[in-house]
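Structural overview for review
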Amino acid sequence: MKFLQVYAVVDSEYRVLWVGGEWDEFALNGGAQSATSNAVLSTSIMAHIAGAETRAETAKMIDAVLQHKRTLRLEYRCDSPSMARKFLMTIQPMKDDRALMVHDLKDAWHFSPPLNRWHYDPSARDVKCSFCGNVRLHGEAQWTSCDDIGERHPTHVTYDICQSCIEAIDRAVEEVRSGVHTDAPVDDDHLRS
């Protein structure tokens, strides 16, 4: 597994002030040519996040870090069709109402067989969780593990956040607000399934 780290500095208005690490490589490998460093600098990070719920939860995490001047950590998934990838996101306060967002690759494994390539479509009827990658197919109440969905993975999805991930985000934000930090990882089984 290749070491991968992507980071960005954002201000209290969510403007991207600086990016580093393998930012461009990660964007290009994910087919996001419009998200390379030259394209995102001085823009709102929210303009590059799909899904209103995902933008709202990201803002909530950044705001908590900036307000309370404490670090937030959250594990999440950012998969490609061929590879599952688990990251640790760390948001830490900096001077002058800025935050450093670091995304460290913690684990990766291949999907066998690979998933269908998916595309964000705000009018899609199938939903993908922005934080764990699980899928809720149209007409189904339950989320299906991204590790188990296989060739049933839809080609067009909209993004939302499943209840388990909302709860994990709420716990991370509450730790920042309360000043209580535990090094216990987020429910790893949820991220793997």
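Residues numbered from 1 in each chain as written. Predicted model: local features only at pLDDT ≥ 70, side-chain atom pairs only at ≥ 80, totals over all residues. Heavy atoms only, no water.

Brief notes about the packing of aromatic side chains
- One pass over the structure, following the stated rule, counts four aromatic pairs.
- When the ring of Phe26 is compared with that of Phe87, the centres are 5.7 Å apart and the planes differ by 75°; the resulting orientation is edge-to-face. Here Phe87 lies in strand β4 (residues 83-94) and Phe26 lies in helix α1 (residues 23-29), a separation of 61 residues in the sequence.
- Using a relative accessible area of 1% as the deciding quantity, one classes Phe87 as buried.
- Here the aromatic residues Phe26, Tyr76 and Phe87 are joined through ring pairs into a cluster of three or more.
- The aromatic ring of Trp118 is capped on one face by Lys128, whose charged end is 4.2 Å from the ring centroid. (Phe/Tyr/Trp six-rings, centres within 6.5 Å; stacked < 30°, edge-to-face > 60°. Helix = DSSP H or I, 4+ residues; strand = E, 2+ residues; numbered from the N terminus. Buried < 20%, exposed > 50% of the residue type's maximum accessible area, 1.4 Å probe, protein only. Lys NZ or Arg CZ within 6 Å of the ring centre and 35° of its normal.)

Things to note about the confidence of the model for the protein
- The share of residues in the protein with pLDDT of 70 or more is 91%, and the mean pLDDT across the chain is 88.
- At the low end of the mean pLDDT range in the protein sits helix α5 (residues 188-192), at 46; at the high end sits helix α3 (residues 52-68), at 97.
- Predicted confidence is poor over residues 182-193, with pLDDT under 50, and the contacts of this stretch with residues over four places away or in other chains come to 28 contacts. (pLDDT = per-residue confidence, 0-100. Contact = heavy atoms within 4.5 Å.)

Observations concerning unusual backbone geometry
- Residue Ser112 is joined to Pro113 through a cis peptide bond whose omega torsion reads 0°.
- For Pro113, the position within the fold is in the loop between β5 (98-110) and β6 (119-120).
- One non-glycine residue, Lys69, adopts positive backbone phi at about 55°.
- Notably, Asp97 is not glycine yet its phi reads approximately 55°, a positive angle.
- The class for Asp97 is partly exposed, based on a relative accessible area of 38%.

Focus on the nonpolar core
- Grouped together as the largest cluster of nonpolar side chains are 41 residues, with contacts concentrated most on Met61, Leu72, Leu74, Ile91 and Phe131.
- Ranked by the residues each element gives to this core, the list is headed by helix α4 (residues 163-178), at seven residues.
- Look past the residues within four positions of Ile91 in its chain and what remains in contact with it is Met61, Ile62, Val65, Arg70, Thr71, Leu72, Ala99, Leu100 and Met101.
- Grouped together as the second largest cluster of nonpolar side chains are nine residues, Ala84, Trp109, Trp118 and Val157 included. (Core = buried A, V, L, I, M, F, W, Y, C linked by side-chain atoms within 4.5 Å.)

Concerning the layout of surface pockets
- Estimates place the volume of the largest pocket at around 1,600 Å³.
- Taken together, 42 residues form the lining of the largest pocket, with Phe26, Ala32, His48, Ile49 and Cys78 sitting closest to its centre.
- Of all the secondary structure elements, the ones that give two or more residues to the lining of the largest pocket are β1 (5-11), α1, α3, β3 (72-77), β4, β5, β6 and β7 (127-129).
- Among the residues forming the lining of the largest pocket, the class breakdown is 25 nonpolar, 12 polar and five charged. (1 Å grid on protein atoms, 1.4 Å probe; cavity = no way out; pocket = protein on both sides within 12 Å on 5 of 7 lines; lining within 4 Å. Points joined across faces, edges and corners; volume = space filled by probe spheres on them. Nonpolar A, V, L, I, M, F, W, Y, C, P; charged D, E, K, R; others polar.)

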